[in-house]
Amino acid sequence: MNRLIWVVIGLVTSLGFIFIMAPANLAVSMAQDSLGRIPDLEIGRVEGRIWSGNAQIQYRRFPAQLNWNLAALPLLIGSVSADIELHGDGLDAGFHLATHGAAGEVTNATALIDARYINPVSLDYGLNLSGQFSLTVDEIAFDNNRITSATGELNWPGGLVHIETPQQLYSVDLPALSGNLYMNEDNVRLRTTGQQTRLIDITLKPDGWVEAAVSFAFMDMAGLPVPGKAGANREETAVLLEEKIL
């Protein structure tokens, strides 16, 4: 019996030592199956240990340093409980990630995103933004790589936006905007409003396509020419943009 006790103690000690000393790239390797499904995601230098490390990542032209802290006990039974932070030039974000098998959830997520972080990409679409966006996500749950629930909000204090069209450059001083994040059937939707009027709806579909529906009210507010003519309801969609991002 004493020998068995010492064997158990030795095994636990060895596993603990392996866990403490395991390199951080082991954590990245464990998540590779999920990360590999995200197109245009690149992982650079990885440092630290499996339970506390950091990695340089880039999604399209959005670079960031990812820091994580893993709880030990859930990892030993095949689950993940981690506090994660993302930092970049104009980006500060953090959230808690919990997974078990193919299911999991993101909770307590907050992000401050400066326009200078977004503009290198938004300029390709003719948008030069200003100010800082504030995002709060209460929960995003997923199962088998499909989002099953989402709640949160987005706020922007308003400011000067430059919008370039084939005809000319528009400089518009927009009012404060707020967005509501929620599920609509199997889609994740962010509905943005200003002055209690629907302006832009952004929809993420399960197949990775994103739709941005811009209302006549937004086009009028920005002084942009619109194809067709608004009806009695100015919140109807004037322009619909689509792109696959996942």
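The following refers to the structure shown. Everything numeric here is computed off the predicted structure, so don't read it as measured data.

**With respect to the side chain of S81**
Step number 1: Considering the arrangement of structural elements, one finds S81 in strand β4 (residues 79-88).
Step number 2: A polar contact is formed between the side chain of S81 and the side chain of H96, at a distance of 3.3 Å.

**Quick look at the packing of aromatic side chains**
Step number 1: Applying the stated criterion to the full structure yields two aromatic pairs.
Step number 2: Both rings, one in F133 and one in W156, keep their centres 5.8 Å apart while their planes meet at 15°; by these two values the pair is stacked. On the criterion of sequence distance, the pair formed by F133 in strand β8 (residues 132-143) and W156 in strand β9 (residues 146-156) is long-range, its members being 23 residues apart. This pair shows no difference in class: F133 is buried, exactly as W156 is.

**Points about the nonpolar core**
Step number 1: Ranked by internal contacts, the top residues of the largest apolar core, which has 41 residues, are L91, I163 and F218.
Step number 2: When residues of this core are assigned to their parent elements, the largest contribution, five residues, is made by helix α6 (residues 216-222).
Step number 3: If sequence neighbours within four positions are ignored, L91 has contacts with A64, L86, L112, I113 and Y117.

**Description of the pairing of β8**
Step number 1: Here 11 bridges tie strand β6 (residues 103-114) to β8, and the two strands are oriented antiparallel to one another. Paired with A111 across the bridge in β8 is L135.
Step number 2: With nine bridges joining them, β8 and β9 adopt antiparallel strand pairing. Looking at β9, one finds that D143 is bridged to R146.
Step number 3: Where β8 hands over to β9, the hairpin turn is made up of two residues, of which N144 adopts a positive phi near 55°.

**Thoughts on the sheet that holds strand β7 (residues 127-128)**
Step number 1: In spatial order, the strands read β7-β10-β11; together these three strands make up an open sheet with antiparallel pairing. In this open sheet, the two strands that pair with only one neighbour each are β7 and β11 (169-174).
Step number 2: Here strand β10 (residues 159-164) runs beside β11; their pairing, made up of six bridges, is antiparallel. Residue pairing across strands places V161 opposite V172, the latter belonging to β11.

Conventions used here
Residues numbered from 1 in each chain as written. Predicted model: local features only at pLDDT ≥ 70, side-chain atom pairs only at ≥ 80, totals over all residues. Heavy atoms only, no water. Helix = DSSP H or I, 4+ residues; strand = E, 2+ residues; numbered from the N terminus. Polar contact = N/O pair within 3.5 Å; in protein donor to acceptor, adjacent residues only side chain to side chain. Phe/Tyr/Trp six-rings, centres within 6.5 Å; stacked < 30°, edge-to-face > 60°. Buried < 20%, exposed > 50% of the residue type's maximum accessible area, 1.4 Å probe, protein only. Core = buried A, V, L, I, M, F, W, Y, C linked by side-chain atoms within 4.5 Å. Contact = heavy atoms within 4.5 Å. Pairing = 2+ DSSP bridges.

Any functional reading would require information that these geometric values do not contain.
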